[in-house]
Amino acid sequence: MTPAGDDNSTKTTPEVREIEEAARDAKAAAAEAEAAADDAEESAEHADESAEHAETSAAEAGKAAELADRSAAVADRSAEVAQRADGVVRPDDGNLVGEMLIEERHPDVGMGRPGPPLQRSNPFVFGFFAALGVLVAWGLWNALGQAKSVIILLVVSMFIAVGLNPLVEWFMRRGLKRGLAVAVVFLLMILAVAGVGFAIVPVVTEQINNLIRNAPDWLDLLTKSRTLEELNNRYDFITKAKDYIQDPALAQRAFGGVLGVGKVVANALFSAFTILILTLYFLASLPSVKRAAYSLVPSSRRQRVAILGDEVLGRVGGYVSGQFLVAACAGFFMFVFLEIVGLNAYALALAIVVMFTAFIPMVGGLIGVVLVAAIGFTDSLWTGIACLAYGIIYQQIENYVIAPRIMRRAVDIPGAVTVIAALLGGALLGVVGALLAIPTAAALLLIIREVWIRKADAS
């Protein structure tokens, strides 16, 4: 007998098979649906690529059209140019001829592109600017040569202002403001110049009067001299002198000489007045001038340049102060000596002259001694000899004792450099160059020691 459970399983077997077949059909349908979806995506991608190709083709077609238009325009212009060359112009062109001429003056297409601009390394450009630079330098040099006198006045004024600045600062340390201190120093300088004039002018006037008063006696001595009589008989110079004096052109030459002397005196007075005014201006504005000069230096080096600049100005001021002390000593001792030897009538004036000549390096003392000895010989032979002996002895004492002690702290330069600087300054600018040579050399030595030598040691 068949069990009950077995009968039920046998009956449901066809149903299970139907279910399984339905499931397989469903899977197959799903696979076909997925394949159809994949085909649809591939079709969409192909459609996008086709659209892109179409756009690219359209763009290329547009470019080709633009090139065709440009070629047509070039062809039209070439045809117009050819017609103009043949003398054929259409009557309905209107203003087309003027436009075509403008286009010809400014070609754009078909005539080539302009080349690159000339480089600075080009030989023509280099030669042009080099020649231009030479011309500018030559013009500046000529301008400086023509303004030499004005530049000398400016340099001397600045030199005097820097030399008087320590005295101004001394008054400022005593409680005066800078403006008042400058006024006091300037007033003292004017009084000193006026005192020198009042001391020297009477002596010069007296010497000229003595010369005029003694001239007839000297002429009598000349006429009584046998030696001069023999020379006159041989060379006849007295007759030639009379003819020269009686020459009508002598008055004109003498008048011209007087005018020349007057012109020199007027120029000297004008220069002195200009120096006084410029000295007052530079002395009052020296701090602002220094600040303006230092502001032109880069900020990274401004402090060091300010320190070096102040040191240079301090050395120049120290040189002027030291030279003033040396000159004051020379004048004082000369005054005492002249009072002792009996030239007390000229003692003050000659002492002032010696003091001023002492400012001239190297030869100033010799000039002062010669002037004093000349006045001494007018008094007596022994007085002149005594003046010469005193001048020679004092110059040795000043050169080896007084000046080195005073100038050692002021400039601190070797003696050989002092001599060379004075010679070069005198050869370039005369007395003014000799006066400015030593402080200039001191400033250059300071810069060399602090800048050049320190860089050489660090490298």
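Draft legend 1. Structural view of the confidence of the model for the protein chain. Taken over all residues, the pLDDT of the protein chain has a mean of 74, while the share at 70 or more is 64%. Low pLDDT (under 50) marks residues 1-12, which in the prediction has one contact with non-local residues, meaning those over four places away or in another chain. Across residues 99-103, where pLDDT falls below 50, the model places three contacts with residues more than four positions away in sequence or in other chains.

Draft legend 2. Broad picture of the side chain of threonine 357. Mapped onto the fold, threonine 357 is located in helix α11 (residues 347-357). In this structure the side chain of threonine 357 is engaged in a polar contact, spanning 2.9 Å, whose partner is the backbone oxygen of valine 354. For threonine 357, the contacting residues outside a window of four places in its chain are Gly364, Gly365, Ile367 and Gly368.

Draft legend 3. Representation of helix α10 (residues 299-341) within the structure. The end-to-end C-alpha distance of α10 is 63 Å, a good match for the 63 Å that 43 residues give at a rise of 1.5 Å each. Of all bends in α10, the biggest is about 25 degrees, found at valine 305. Of the residues flanking the end of α10, it is glycine 342, one or two places downstream, whose phi is positive at about 105 degrees.

Draft legend 4. The arrangement of helix α12 (residues 364-379) in detail. An ideal rise of 1.5 Å per residue puts 22 Å on 16 residues; α12 measures up with 24 Å between its terminal C-alpha atoms. Of the residues making up α12, those classed as buried are Gly364, Gly365, Gly368, Val369, Val372, Ala373, Ile375 and Gly376. Projection of α12 onto a plane perpendicular to its axis shows the buried side chains occupying an angular sector of 165 degrees, all on one side. Turned more than 90 degrees off the buried face of α12, the exposed positions are Leu366 and Thr378.

Draft legend 5. Just the packing of aromatic side chains, in detail. All told, the structure shown has seven aromatic pairs when counted by the stated rule. A ring pair is formed by phenylalanine 128 and phenylalanine 129, whose centres lie 5.4 Å apart and whose planes are at 80 degrees; its orientation type is edge-to-face. Relative accessible area serves as the criterion here: at 48%, phenylalanine 128 is assigned to the partly exposed category. Classification of phenylalanine 129 by relative accessible area gives exposed; the value is 52%. Measuring from ring centre to ring centre gives 6.0 Å for phenylalanine 333 and tyrosine 394, while their planes differ by 45 degrees; the resulting arrangement is tilted. One end of the pair, phenylalanine 333, is in helix α10; the other, tyrosine 394, is in helix α13 (residues 381-407), with 61 residues separating them in the sequence.

Draft legend 6. Structural detail: the environment of alanine 345. In this fold, alanine 345 is placed in the loop between α10 and α11. A relative accessible area of 57% places alanine 345 in the exposed class. For alanine 345 and valine 203, which are 142 residues apart along the polypeptide, the C-alpha to C-alpha distance reads 8.4 Å.

Draft legend 7. Up close: a nonpolar patch on the surface. A cluster of nonpolar side chains, namely Phe124, Phe128, Phe129, Leu132, Val136 and Leu140, defines an oily patch on the protein surface of about 650 Å² accessible area. On the secondary structure map, phenylalanine 128 appears in helix α3 (residues 123-146).

Cut-offs and rules
- Residues numbered from 1 in each chain as written.
- Predicted model: local features only at pLDDT ≥ 70, side-chain atom pairs only at ≥ 80, totals over all residues.
- Heavy atoms only, no water.
- pLDDT = per-residue confidence, 0-100.
- Contact = heavy atoms within 4.5 Å.
- Helix = DSSP H or I, 4+ residues; strand = E, 2+ residues; numbered from the N terminus.
- Polar contact = N/O pair within 3.5 Å; in protein donor to acceptor, adjacent residues only side chain to side chain.
- Expected span 1.5 Å × (residues − 1).
- Bend = angle between axes of the 7 residues up to and from the residue.
- Buried < 20%, exposed > 50% of the residue type's maximum accessible area, 1.4 Å probe, protein only.
- Arc of directions from axis to C-beta.
- Phe/Tyr/Trp six-rings, centres within 6.5 Å; stacked < 30°, edge-to-face > 60°.
- Patch = residues over 30% accessible without salt bridge, like charges linked within 9 Å, V, L, I, M, F, W, Y side chains within 5 Å.
- Areas by Shrake-Rupley, 256 points an atom, 1.4 Å probe, with all protein chains shown as cover.
- Salt bridge = Lys/Arg side-chain N within 4 Å of Asp/Glu carboxyl O.

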